[in-house]
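Reading the structure
Here's the letter readout for the chains.
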Amino acid sequence: MHLNKGVRPLNIERCHTTFKCGTFSSIVGRPLLIIIGAGAAGFFSAIHNKRNNPDSTVIILEKTPNILSKVKISGGGRCNVTHACFEPKELCRFYPRGSKELLGPFYSFQCKDTMDWFESRGVPLKIEKDNRVFPYSDSSQSIIDCLVKEAEALGVQLCTSCSVEKIEKDKLGFRLSLENGDTLTCDKLILATGSSREGHRFAKSLGHKIVEPIPSLFTFKISDPSLHKRSGLSVENVEVWLGKNKKQSQSGPLLVTHWGFSGPAIIKLSAWQARTLFNTKYQEDLHIDWLPVYDKNDLLQLFIQERTDNGKKQVCKRSPHPEIAGRLWDYLCQKAGVGDVATWQSLNERQVETLISELKAGHFDMAGKSPFKDEFVTCGGVSLKEVNFKTMESKVCANLHLVGELLNIDGVTGGFNFQNAWTTGYLSGGFQ
Ligand SMILES: Cc1cc2nc3c(=O)[nH]c(=O)nc-3n(C[C@H](O)[C@H](O)[C@H](O)COP(=O)(O)OP(=O)(O)OC[C@H]3O[C@@H](n4cnc5c(N)ncnc54)[C@H](O)[C@@H]3O)c2cc1C
C-alpha cells in the first residue's frame, strides 16, 4: 500500500475510494483512526498505532503541503533527534513543563529506545560531546526518510493540504469538518497539531483546559550599544539568574550578540523562567557570574597578583583571567567605571570591590526578548492533569489522544522536545 502523499480529499466519495475514510469504519467494520498533524508526534503515533493494530485504518491529515517540516529544519538541518541521557529521572530534569508527568512514559520509551528505533531501521546516529544526538549523515532528511518508509511499509495513509477546521463528538465517534467542505468520521482521534492555535481550539472544544501558550527558548535583548559592539564574544561557562532568584540560576556557555545575550545558559534560563519573564513583559534584572568557579576571595587573590606582576599596566588592557577575553574585560571595566587610564597599582579598594562584583554578579536591564521567529518551542498547551500518561488518552473525552508539543510540555534545547514527541506518540499506539 502506498503513502498517498499530496492527494487532496476533494469529496467524501473520493475519500472512500482513495483513503477509505469518511464513513469507512461503518462500511467494512474496521476501526478507523485519524491523526491530525504530520509532525514528529503525528508520524510516530501513526506508526505505533498501525503496528499495534494492523487491522485498523490509520490516516494522517496535514494542513500544509509538507510533512515533518519542523524535523526538516531542526538542529540547523541536522535534526537533534534526542539526547544521550538514559536515566528517566535524570531525563525529566530537562523539562521545565512536564517533568513529573513524563517520568512514567520514559520508563516505557526513552532516549535509548529512540536511538535503537532509528538505528535498527538503518539510520546510524552519533552522540556529540554535549550529549546531543544527531543522524550520522548530519542531515534531517535521514530521519524523515526513515519515518516515511516505516509508515509506508505499515500502510499508514497520508493526506496533505488537508486542513481540519472543526471537530465534533457524538456517540458514534468524531466528526471532522475539513476546510474544503468535506466531513470525515472516525472512532479514535489523535491530536498532534504541535503548538498551533487550531490544535488548542480543537482540544478546548472537546472539553480540555489550555494553559496559556507563551514563548520558551529565546534570547535576551539588552539595550547597551557598548555591549553590542562586543558581539561574537563567548564565555565557556557563566551562571545567570533573574532578580534575586539565584537559587534558580542556569549555567553554561554565553554568547554576546548584536542586541544582547544568547547561548545555552540564557536559553535554558528563558525556558525555566518563561512565565516570570512573560508576566514582567521581558523587563527583568539579569545577573551574570562570569567566573562561577571562583569565589570573591579567589578573585581578590588574582587582583593582588596582577598588582604585583603588572602594577604599571592599564587595568582595562589586561584581563585577570584567560576565560575573560580582553574585549569583554575592557567592557566590564568601562561598565564598572574604571577608566582607561587606571593601572593595577592605582586601583583603590572601592574600585576593586566594584570590579569583583561586576565579575560575580554583573547586573543588566533586560529590555525584551528575541522576535518570534527565533522561538523553538511553546510553553503552555493542553493541561496535563486531563491526560492519562499511560496511553495519552484524554481523561475528559474518550477515544481522544493528545501527543507532542500540543501538550503543556516543553524541554530545554538538546533533543528533548523531539523526545517528548517520540515518547507520547509511541504511548498513543497502546504500548506501555
Ligand atoms: C527552528 C526549530 C528547530 C528545532 N530544532 C529542534 C531540535 O533540533 N531538537 C528538538 O528536540 N526539538 C527541536 N525543535 C522543537 C521541535 O521541532 C518540536 O517540539 C516538535 O517538532 C513538535 O512536534 P509535534 O509533532 O508535536 O508538532 P509539529 O512538528 O509542529 O507538527 C504539527 C503539525 O500539525 C499540523 N496542523 C496544525 N493544525 C492543523 C490542522 N488544523 N489540520 C491539519 N494539520 C494541522 C501542522 O501543520 C504541523 O505539520 C525545533 C523547533 C524549531 C521551530
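None of the values given here were measured: they were computed from a predicted structure.

1. Looking at the overall build of the protein chain
Each helix and strand in the protein chain was counted, giving 16 helices and 21 strands. Seen through its C-alpha atoms, the protein chain measures out along the principal axes to roughly 90 × 40 × 35 Å. A total of 432 residues make up the protein chain; the buried ones form 43% of that total. For the protein chain, restricting intrachain contacts to residue pairs at least 6 apart in sequence, the fraction spanning at least 24 positions comes to 73%.

2. Quick notes on unusual backbone geometry
Backbone geometry places C79, a non-glycine residue, at a positive phi of 60°. On the basis of neighbour count, C79 is assigned to the buried category, with 27 C-beta atoms found within 10 Å. Phi is positive for L217, close to 60°, though the residue is something other than glycine. Mapped onto the elements of the fold, L217 is located in the loop between β11 (210-216) and β12 (220-222). Assessed through the 23 C-beta atoms surrounding it within 10 Å, L217 is described here as buried.

3. Observations concerning the sheet that holds strand β7 (residues 164-170)
Strand order in the open sheet formed by three strands is β7-β8-β9, with antiparallel pairing between adjacent strands. Of all strands in the sheet, those with a lone pairing partner are β7 and β9 (183-186), marking the two edges. Across the sheet, the mean angle from the axis of one strand to that of its neighbour is 20°, orientation sign disregarded.

4. Side note on the packing of helix α6 (residues 99-108) against helix α16 (residues 416-427)
Closest axis-to-axis distance for the α6/α16 pair is 10 Å, and the angle between their directions is 75°. In terms of orientation, α6 lies roughly perpendicular with respect to α16. Side by side, α6 and α16 meet where L102, P105, F106 and S108 of the first sit next to N420, T423, T424 and L427 of the second. Residues of the contact of α6 with α16, tallied by class, amount to four nonpolar, four polar and no charged.

5. Digging into the pairing of strand β14 (residues 250-257)
Looking at chain direction, strand β13 (residues 234-242) and β14 are connected through five bridges and run antiparallel. Counterpart to S234 in the pairing with β14 is L255. Pairing of β14 with strand β15 (residues 260-262), which is carried by three bridges, proceeds in the antiparallel orientation. Of the residues in β15, the one forming a bridge with T257 is G260.

6. Notes on the site of the ligand
For the ligand, the set of nearby residues contains 36 residues, the closest of which are G37, G39, S74, G194 and G404. Those elements giving two or more residues to the shell around the ligand turn out to be α3 (40-52), α4 (69-77), α9 (197-205) and α16. When residues in the shell around the ligand are grouped by element, the largest group, five residues, is from α4. Looking at the shell around the ligand, its residues break down into 15 nonpolar, 16 polar and five charged.

7. Focus: the nonpolar core
Among the nonpolar cores identified, the biggest contains 106 residues, and I34, A40, F43, I60, L191 and L402 are the most heavily contacted of them. Counting the residues that make up this core, at least three belong to each of domain 1 (12-214 + 377-427) and domain 2 (221-374). Beyond its immediate stretch of four places on either side in the chain, L402 contacts L191, A203, V382, V387, M392, S394 and L407.

8. With respect to the confidence of the model for the protein chain
Residues at a pLDDT of 70 or more form 92% of the protein chain, whose mean pLDDT is 91. Across residues 1-28, confidence stays below pLDDT 50; counting only partners more than four residues off in sequence or on other chains, it has 58 contacts.

9. What to know about the domain arrangement of the protein chain
Each assigned domain of the protein chain is listed here: domain 1 (12-214 + 377-427) and domain 2 (221-374). Its C-alpha centre places domain 1 at a distance of 41 Å from the equivalent point of domain 2. Contacts between domain 1 and domain 2 engage six residues on the former and eight residues on the latter. Among the residues forming the side of domain 1 that touches domain 2, the class breakdown is four nonpolar, one polar and one charged.

10. Quick word on helix α14 (residues 326-335)
Among the residues of α14, W329, D330, Y331, L332 and C333 are the ones counted as buried. Taken from the residues just after α14, G337 is the one with a positive phi, measuring 80°.

11. Quick look at the sheet that holds β12
Strand order in this closed barrel of six strands is β12-β15-β14-β13-β16-β17, and the pairing throughout is antiparallel. Ignoring which end each strand starts from, the neighbouring axes of this sheet average 50° apart. Strands in contact with helix α11 (residues 264-272) are β12, β13, β14 and β15; relative to β14, the strand with the most contacts, it is inclined by about 115°.

12. Details of the environment of W259
Relative to the helices and strands, W259 resides in the loop between β14 and β15. A count of 19 C-beta atoms within 10 Å places W259 in the partly exposed class. Spatially, the C-alpha atoms of W259 and R97 are 28 Å apart, while their sequence positions differ by 162 residues. Once residues lying within four places of it in the same chain are set aside, the contact partners of W259 are K221 and H228.

How each quantity is defined
Residues numbered from 1 in each chain as written. Predicted model: local features only at pLDDT ≥ 70, side-chain atom pairs only at ≥ 80, totals over all residues. Helix = DSSP H or I, 4+ residues; strand = E, 2+ residues; numbered from the N terminus. Buried ≥ 20, exposed ≤ 12 C-beta atoms within 10 Å, placed from the backbone. Contact = placed C-beta atoms within 7 Å. Pairing = 2+ DSSP bridges. Axes fitted to C-alpha atoms, helices over the stretch in contact; angles between N-to-C directions. Parallel < 35°, antiparallel > 145°, perpendicular 65-115°, else oblique. Nonpolar A, V, L, I, M, F, W, Y, C, P; charged D, E, K, R; others polar. Near = placed C-beta within 6 Å. Core = buried A, V, L, I, M, F, W, Y, C linked by C-beta atoms within 7 Å. Domains from an automatic or database assignment. pLDDT = per-residue confidence, 0-100.

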